[in-house]
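One letter stands for each residue in the lines below.
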Amino acid sequence: MKALNLPLALFSLLLTVAGCSANNEIDYGKVKLVSVSGTVTLDGQPLGGAVISFDDPTTGNFSFARTNSSGSYTLQFDSSVDGVTPGKKTVQISTVRNILGLRGEEGVEEGEASTEGQKSEAKKEQVPECYNKKTKLEVEVTPDKTTFNFDLKSDCSTTSAS
């Protein structure tokens, strides 16, 4: 029995080492991406510093952005490439959400250490739950429909993009 365990252990170790050295780069030429941008306002005022994500409910993949001080955003596919895959998306918007690799006007990617403010208090969510954790927002991204503006209302009366 011991003679069988040694070859099996060596084979498992070989698979682990081979997996660790595999090239994990994405071939962006094989991923169909659409450039998507727009603005986000809350009760008619630009919502700066918010994280917006377009989530694909069928695959679990998502694209994301941070709004600038004017409420404008352009979606990122990942930390290197902009865009989103076409299709139906659920949209979440939050002023407290963090996403690793997120670019923004603050000049610091999410996940990096920031010394600004060193406050122990948590940021207060400015966006009602109906637009983030319990979002009602849905869009369909197509090569022809690439601008999505969201005029959010504190009473949750906004249910789609314009």
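Above this note sits the structure.
To start, this report covers the structure provided alongside it. (Residues numbered from 1 in each chain as written. Predicted model: local features only at pLDDT ≥ 70, side-chain atom pairs only at ≥ 80, totals over all residues. Heavy atoms only, no water.)

### A look at the nonpolar core
Counting 24 residues, the largest nonpolar core has Val-36, Ile-52, Phe-54, Tyr-73, Ile-93, Phe-150 and Leu-152 as its most contacted members. Those elements giving two or more residues to this core turn out to be strand S1 (37–42), strand S3 (51–55), strand S6 (87–94), strand S7 (138–141) and strand S8 (150–152). Excluding anything up to four places from it in sequence, Ile-52 contacts Val-40, Ser-63, Phe-64, Ala-65, Tyr-73, Leu-75, Val-91, Gln-92, Ile-93 and Phe-150. (Core = buried A, V, L, I, M, F, W, Y, C linked by side-chain atoms within 4.5 Å. Buried < 20%, exposed > 50% of the residue type's maximum accessible area, 1.4 Å probe, protein only. Helix = DSSP H or I, 4+ residues; strand = E, 2+ residues; numbered from the N terminus. Contact = heavy atoms within 4.5 Å.)

### Description of the packing of aromatic side chains
For the structure on display, the rule yields 4 aromatic pairs. Here Phe-54 and Phe-150 contribute two aromatic rings whose centre-to-centre distance is 6.3 Å and whose plane-to-plane angle is 80°, an arrangement assigned as edge-to-face. Highlighted residues: Phe-54 in strand S3 and Phe-150 in strand S8, separated in sequence by 96 residues. The interplanar angle of 50° and the centroid separation of 5.8 Å between the aromatic rings of Phe-62 and Phe-64 together place this pair among those described as tilted. The class of Phe-62 is partly exposed, set by a relative accessible area of 33%. Among the residues examined, Phe-64 registers a relative accessible area of 5% and is labelled buried. Aromatic ring contacts, followed pair by pair, group Phe-54, Tyr-73, Phe-148 and Phe-150 into a single cluster. Sitting above the plane of the Phe-62 ring, Arg-97 keeps its charged end 5.5 Å from the centroid. (Phe/Tyr/Trp six-rings, centres within 6.5 Å; stacked < 30°, edge-to-face > 60°. Lys NZ or Arg CZ within 6 Å of the ring centre and 35° of its normal.)

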